[in-house]
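# Structural description and commentary
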Amino acid sequence: MENNLSSLIQNSIIINILKRLFQSSLYENSSFYKALRKLGDVVLKAFRNSGLRAIFTYRNWDNEAIENSKIISPVLRLSHLINTLIDLANDAIKSSFLVETVLKAINTFIQTPLIATAYIFLPSSFAVLALKVFLEGLAVKTLVSQILFLCAIFFILYSTASLDSILGSSIIYKVVDWIFDTNDKRIPENQTSLSEISVRDKRVLALLGIFIGILYYFLTKTIFIKIFGALCGSVLIYLWPAIGLYLAGFLLPLAPTTYTAGIIGITFLAVVLNDKYRFKDGMPANVLPAILFLITAVIAAIFSIARGDSLKVLPLYLIYFMLFYISQILFRNPKTIKRMLIALAMSVLAISLMGIYQYFFVKVPTAAAWVDVKQFPELETRVYATLENPNVLGEYLGLTIPIFLGLFFAVDKFRQKVVVLGVLGLSFLCLILTFSRGAWLGLAASVVIFSLLKAPVILILIIAAAAVAPAFLPSVVYERIASIGSLEDSSNLYRLTIWTAALRMFKDYWLTGVGLGSTAFALVYRNYMIAGASAVHAHNLYLQISLEMGIIGVFALIWMAFRGFSQALSSIERPWKMSYVLAGIATGLLGHLFHGLFDYVWYSPRIVMAFWMLSGMMSAMTYIKLPDDTAKEEILQ
């Protein structure tokens, strides 16, 4: 049935038209395509041979600076002692009762999930029942029903079905496995078999169940879920740190920042404690500027005009660096990248569907601050999904859409292309419905650069689409595009006024900055405000960082960006499937930084986390070692 459905789809008229459009013979011999290809080569050659790139990518400068530094070199000499202390802490954690117990429970659950559930759930249910009987008293009818329930759980102890067999018979699992072609073992290696589970281990699981039951009885359900989830989640992340990275990437746009930050912190500790997750090929090129950026943030917070508020913001900068660090290490494994792409696809699909639902079904009203009502009277709804603001949602989609564009070219199987194309279509529609002109410009820059680097055919399709789009675009979208750069739009005029005042501020605070956060900015900005144009930020990424952290902060950011992009460029040129994904990440970041010229794109911590995670991912992918025959190796498959 699956083969018939796949054959029916692939032989349809629409699919054949699409296949025909993407055939290289249609465009590779055209003068226009050759001109685009030539333009891409000229741009790459100019960047590759530029003195600016040489300044930011001279590798020996990094090593010499670290070796001769009076601050860093003593720390490096203490590295042996630090590693010894870390190893001792790691051994203590591994041998702790909590880690051993959770690991036993995981092993048992993988082999026989129903038995493991019964060994934990039966004692916990008995504990809750006993506490209710002695502390509350139960009616005979309720007591009998509870006892019958415990008896039913008791019979589950004799079920020997494995997790492999349960998952293998699941329709949902089969569909997911068929689409994504995971080819992963459902049972991890080196797991204990059922016959090796000792009586002592079963007693440990029972004690764990009793402990869970007592906690459940005395705590509210919300607090119980948080504590139980934090304990089990921490152990799981400690044992398999990549789980924390997947969770952080998936929850980043969906959950409150506090939860994502907590997961990142736990994952960072897990990576630091495990010697397996240390830089084996030397420090990545853009780590040193990232450290300089973090140090500058610390100094800016300490000497801030609003020190108390700046120190409250500072932990976020530590989280950004932690996420950057763990991404640098964990994304050097192609399987980790593949699983993260699946997590990102589900996350982006979720917020895109939410945004589309808001526009067509809920019709959420647009705040007055989000649109010039006089110029766009028809613009009644700008979607934001879970990200508080349409511009923030646009920034997130602008970062992620180019990744799936690259993934579309990276995957070979038809069904995977259909799924990726679906995610691309829905996320692009949601981006349009944000009506964020800056995000549109950023994505346009990303796609153009991606086309020049990897797929000039996209540029041909864009030009063709742009020629016919005015006949099909809704008037409100067309007017929104036409207003880009127009001084008749109050938003554009407002930005010019703020930039003028911000430049005056920078003239007086160019070295030290005013401090981290919007409070320090607002305290000083009011003394430079023009024509009553109040603002909480400078509406420009580089101006805002310069004002908060001084000239050294923005220099560190530009240095880190050049380091990362120039390092990624050589890998993008390699003939391997994942180079398309790498190009998507790099161009998404470039588009984001381009968007930063027109807005402060780091106002939301979620967007900053996404930027640092993708920056670390981009750098880590350049360290992936390929087989000799890279042209034939399908790493994503």
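Attention here is on the structure that accompanies the text. (Residues numbered from 1 in each chain as written. Predicted model: local features only at pLDDT ≥ 70, side-chain atom pairs only at ≥ 80, totals over all residues. Heavy atoms only, no water.)

## As for the pattern of salt bridges
Under the definition given, this model contains three salt bridges. Among the ionic pairs, Asp 599 bridges to Arg 495, the shortest N-O distance being 3.2 Å. Placement of Asp 599 in the loop between α28 (578-595) and α29 (605-621) and of Arg 495 in helix α25 (residues 490-509) is noted, with a sequence separation of 104 residues between them. For the residue pair Asp 599 and Arg 495, the accessibility class agrees, reading buried in each case. (Salt bridge = Lys/Arg side-chain N within 4 Å of Asp/Glu carboxyl O. Helix = DSSP H or I, 4+ residues; strand = E, 2+ residues; numbered from the N terminus. Buried < 20%, exposed > 50% of the residue type's maximum accessible area, 1.4 Å probe, protein only.)

## Things to note about the nonpolar core
Buried together is how nonpolar side chains tend to be arranged in soluble globular proteins. Counting residues in each nonpolar core, the largest one holds 123 residues, and the members touching the most others are Trp 602 and Trp 612. Other than its neighbours up to four places away in sequence, Trp 612 contacts Ala 290, Phe 293, Tyr 320, Phe 324, Met 560 and Trp 602. (Core = buried A, V, L, I, M, F, W, Y, C linked by side-chain atoms within 4.5 Å. Contact = heavy atoms within 4.5 Å.)

## Comments concerning the packing of aromatic side chains
In this structure the tally under the stated criterion is 23 aromatic pairs. Look at Phe 293 and Trp 602: their rings are 6.2 Å apart centre to centre, the planes differ by 80°, and that puts the pair in the edge-to-face class. Of the two residues, Phe 293 is situated in helix α17 (residues 287-302) and Trp 602 in the loop between α28 and α29; the sequence distance between them amounts to 309 residues. As far as burial versus exposure is concerned, Phe 293 and Trp 602 are alike and both buried. A ring pair is formed by Phe 409 and Tyr 580, whose centres lie 5.9 Å apart and whose planes are at 15°; its orientation type is stacked. Taken as a pair, Phe 409 in helix α20 (residues 390-410) and Tyr 580 in helix α28 lie far apart in primary sequence, 171 residues in all. For Tyr 580, a relative accessible area of 22% translates into the label partly exposed. Pairwise contacts between aromatic rings join Phe 293, Tyr 317, Tyr 320, Phe 321, Phe 324, Trp 602, Phe 611 and Trp 612 into one cluster. Cation over ring: Lys 417 sits above Phe 408, and NZ or CZ is 4.6 Å from the ring centre. Geometry around Tyr 580 places Lys 454 over its ring, the cationic atom sitting 4.5 Å from the centre. (Phe/Tyr/Trp six-rings, centres within 6.5 Å; stacked < 30°, edge-to-face > 60°. Lys NZ or Arg CZ within 6 Å of the ring centre and 35° of its normal.)

## Remarks on empty space enclosed by the protein
Evaluated as defined, the whole model comprises four cavities of 30 Å³ or more. Put simply, the largest cavity is a space of about 60 Å³. Broken down by secondary-structure element, the contributors of at least two residues to the lining of the largest cavity are α20, α22 (437-453) and α28. Residue contributions to the lining of the largest cavity peak at five residues, all from α22. Considering only residue class, the lining of the largest cavity consists of three nonpolar, nine polar and one charged. (1 Å grid on protein atoms, 1.4 Å probe; cavity = no way out; pocket = protein on both sides within 12 Å on 5 of 7 lines; lining within 4 Å. Points joined across faces, edges and corners; volume = space filled by probe spheres on them. Nonpolar A, V, L, I, M, F, W, Y, C, P; charged D, E, K, R; others polar.)

## Re the packing of helix α15 (residues 241-251) against helix α18 (residues 307-330)
When two helices pack together, their arrangement is captured by the angle between the axes and the distance separating the axes. For the pair α15 and α18, the least separation of the axes is 11 Å and the interaxial angle reads 120°. The pairing of α15 with α18 is recorded here as oblique in orientation. α15 and α18 meet at a crossing whose hand is left-handed. Only Leu 323, Ile 326, Ser 327 and Leu 330 of α18 make contact with α15, whose side of the interface consists of Pro 241, Ala 242 and Leu 245. Of the residues belonging to the contact of α15 with α18, the class tally is six nonpolar, one polar and no charged. (Axes fitted to C-alpha atoms, helices over the stretch in contact; angles between N-to-C directions. Parallel < 35°, antiparallel > 145°, perpendicular 65-115°, else oblique. Left-handed = near helix turned anticlockwise from the far one by under 90°.)

## Some points on helix α26 (residues 518-525)
When we look at burial in α26, the residues that qualify are Ala 520, Phe 521, Val 524 and Tyr 525. Seen along its axis, α26 keeps its buried residues to an arc of 125°; they face one direction. (Arc of directions from axis to C-beta.)

## Focus: a nonpolar patch on the surface
A contiguous nonpolar patch, built from Val 133, Phe 134, Leu 135, Leu 207, Ile 210, Ile 214 and Phe 218 and spanning about 720 Å² of accessible area, is present on the exposed surface. Of all elements in the fold, only α9 (113-135) and α13 (199-218) reach the threshold of two or more residues within the nonpolar patch. Considering each element in turn, the nonpolar patch owes the most residues, four residues, to α13. Looking at where Phe 218 falls in the secondary structure, it is placed in helix α13. (Patch = residues over 30% accessible without salt bridge, like charges linked within 9 Å, V, L, I, M, F, W, Y side chains within 5 Å. Areas by Shrake-Rupley, 256 points an atom, 1.4 Å probe, with all protein chains shown as cover.)

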